[in-house]
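Structural overview for review
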Amino acid sequence: MTSERPRGDYLSDPDTQLMVRFAEGDERAFDRIVENFRNQVFGIIHRYVGDWAAAEDCSQEVFLRIYRLKSSYTPTARLSTLVYRITTNLCLNVVRDASKRQAVSLDAPHGPEGPPLGATLEHASAEAPGDALEARERAEMVWKALSRIPDRQRIALILHRFEALSYAEIAQALETNVDAVKALLSRARQSLADALRADLEAGNL
Amino acid sequence: MACSCRETLVAYLDGELSTAEADAVRIHLEACEDCREYARLLSRSYDALRYLDVPEAPADMAAGIRARARRRSRVVFAYSVFAVAAALAIFAIVRAAIPRGDVLIPTAVPENLVLAESSSNGDDALDQMELLGDIDLVADVDVVEEFEMLAELDAIMDVEFSDREATI
């Protein structure tokens, strides 16, 4: 079941308090905000675009937008809600526009001479070197299946799977309602399952 | 054939259904082998996403963001200065191009300017053409009257000539 937080709970949230301090002129509070969220933001974007440089650039843009809120910030929700909302909006708009400009095909090389999108994914760094190639192939299989899921379904799935957000929290990030999120995730999971069915049954994953 | 429960199967697996809804799906799964199999596939494919582990984000991100914020502020300031300078330059050019009242403003309107204006008017031109037509008509009438006068003169002369012959 979804866990709705009591009204006004966000004011006691440490990250929200950091943002309030930053809005009051404490620049060090901004460093703390970046430190607390950088891996989450970078992880969401990286899994969405599958490209390290684009993820870094887009992550900086997320925090730049938060930085520019300094003079006008008024807390109305937890800071994490704001961060997820900015991140998903950027993923859905900026990254999609960039993809259109570059006319990137999921099967084609990324850029004129670059490797396929899936091959840019770093993964399984803790595994033994002998397993690295196999892990890389598995990552490419999964990336290929994930990247073919429509944008909003994919970002909802990433938020649920990797950020462990509830349906209600995903709805806040996507500025929609819980029923819509339920439908998005249902379709996303069915698409993913259908795409990976053959590899799962063959024991490749 | 896919069961209708597949729409709610994901929410069931995610623990996002109410107790009553979850009970309904559970009862269905106990009876439906296809849906049980599909639920297993959904779980395994979801679990496979773990292969997409991502490296840590760059540690010095905050410094880079501040630098970008400062760069962007400078660009905005430069654009603002340029816009103000451009506006002032345009104002100065326009001001210089407009003649001052005590030097060049004419006190009387040239006559030919009025004629040129009136001749350029389509209605005036039409009136003038109609006027010319009227003049031609008047001229025609004059010619006819002159002919009639001449004819009358000839008639008078004939009468006078015949009278003179009669008297002779």
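Everything below is about the structure shown above.
Now for a description of the structure that goes with this document. (Residues numbered from 1 in each chain as written. Chains lettered and ligands numbered in written order. Predicted model: local features only at pLDDT ≥ 70, side-chain atom pairs only at ≥ 80, totals over all residues.)

1. Focus: the overall build of chain A
Along its length, chain A carries 8 helices and 0 strands. For chain A, with 205 residues in total, the buried portion stands at 39%. In chain A, the share of contacts with a sequence separation of at least 24, taken over all contacts with a separation of at least 6, comes to 63%. (Helix = DSSP H or I, 4+ residues; strand = E, 2+ residues; numbered from the N terminus. Buried ≥ 20, exposed ≤ 12 C-beta atoms within 10 Å, placed from the backbone. Contact = placed C-beta atoms within 7 Å.)

2. Section: the overall build of chain B
When its secondary structure is counted, chain B shows 7 helices and 0 strands. Secondary structure elements in chain B, listed N-terminal to C-terminal, are α-α-α-α-α-α-α. Counting across all 168 residues of chain B, residues that qualify as buried make up 11%. Of all intrachain contacts in chain B linking residues separated by at least 6 positions in sequence, the fraction that spans at least 24 positions is 43%.

3. Section: helix H7 (residues 167-174) of chain A
Residues and elements named next belong to chain A. The element H7 is extensively covered by neighbouring structure, given that 7 of its 8 residues are classed as buried. Inspection of H7 places Tyr167, Glu169, Ile170, Ala171, Gln172, Ala173 and Leu174 among the buried residues, and these make up the whole buried set. Remark: Glu175 follows H7 within two positions and exhibits a positive phi of approximately 55°.

4. Focus: the nonpolar core
The nonpolar side chains of soluble globular proteins are, as a tendency, buried together. Ile45, Val142, Ala156, Leu159 and Ile170 of chain A are the most contacted members of the largest nonpolar core, which has 67 residues in total. Counting residues per element, this core draws most heavily on helix H2 (residues 27-49) of chain A, at 10 residues. Looking at this core, you find at least three residues from each of domain 1 (6-52) and domain 2 (58-105) of chain B. Apart from residues lying up to four places away in sequence, Ile45 of chain A is in contact with Ala55, Cys58, Ser59, Thr87 and Cys91 of chain A. (Core = buried A, V, L, I, M, F, W, Y, C linked by C-beta atoms within 7 Å. Domains from an automatic or database assignment.)

5. Some remarks on helix H1 (residues 14-23) of chain A
By the burial criterion, the buried members of H1 of chain A are Thr16, Leu18, Met19 and Phe22 of chain A. The buried residues of H1 of chain A occupy an angular sector of 155° when projected down its axis, which confines them to one face. (Arc of directions from axis to C-beta.)

6. Observations regarding the interface of chain B and chain A
Think of interface size as the accessible area that goes away when the parts come together; that is how it is often given. With 27 residues of chain B at the contact, the number on the chain A side is 40 residues. For the side of chain B that touches chain A, a count of residues per class yields 17 nonpolar, 3 polar and 7 charged. (Nonpolar A, V, L, I, M, F, W, Y, C, P; charged D, E, K, R; others polar.)

7. Digging into the packing of H7 of chain A against helix H8 (residues 178-201) of chain A
How two helices sit against one another is set out by the angle between their axes and by the gap between those axes. Residues and elements named next belong to chain A. At a minimum axis distance of 8 Å, the contact between H7 and H8 shows a crossing angle of 100°. With respect to H8, the axis of H7 lies roughly perpendicular. Where H7 abuts H8, its residues Tyr167, Ala168, Ile170, Ala171 and Leu174 lie against Val178, Ala180, Val181 and Lys182. (Axes fitted to C-alpha atoms, helices over the stretch in contact; angles between N-to-C directions. Parallel < 35°, antiparallel > 145°, perpendicular 65-115°, else oblique.)

8. Side note on the packing of helix H1 (residues 6-13) of chain B against helix H3 (residues 33-48) of chain B
Residue and element names in this part refer to chain B. Closest axis-to-axis distance for the H1/H3 pair is 11 Å, and the angle between their directions is 50°. With respect to H3, the axis of H1 lies oblique. In this structure, H1 meets H3 at a crossing whose hand is right-handed. Counted together, Arg6, Leu9, Val10 and Leu13 of H1 and Cys35, Tyr38, Ala39, Leu42 and Ser43 of H3 form the full contact between these two elements. (Left-handed = near helix turned anticlockwise from the far one by under 90°.)

9. Section: the environment of Gly25 of chain A
Residue and element names in this part refer to chain A. Along the chain, the position of Gly25 falls in the loop between H1 and H2. On the neighbour-count criterion, Gly25 (8 C-beta atoms within 10 Å) is exposed. With 45 residues separating them in the primary sequence, Gly25 and Lys70 have C-alpha atoms 8.1 Å apart.

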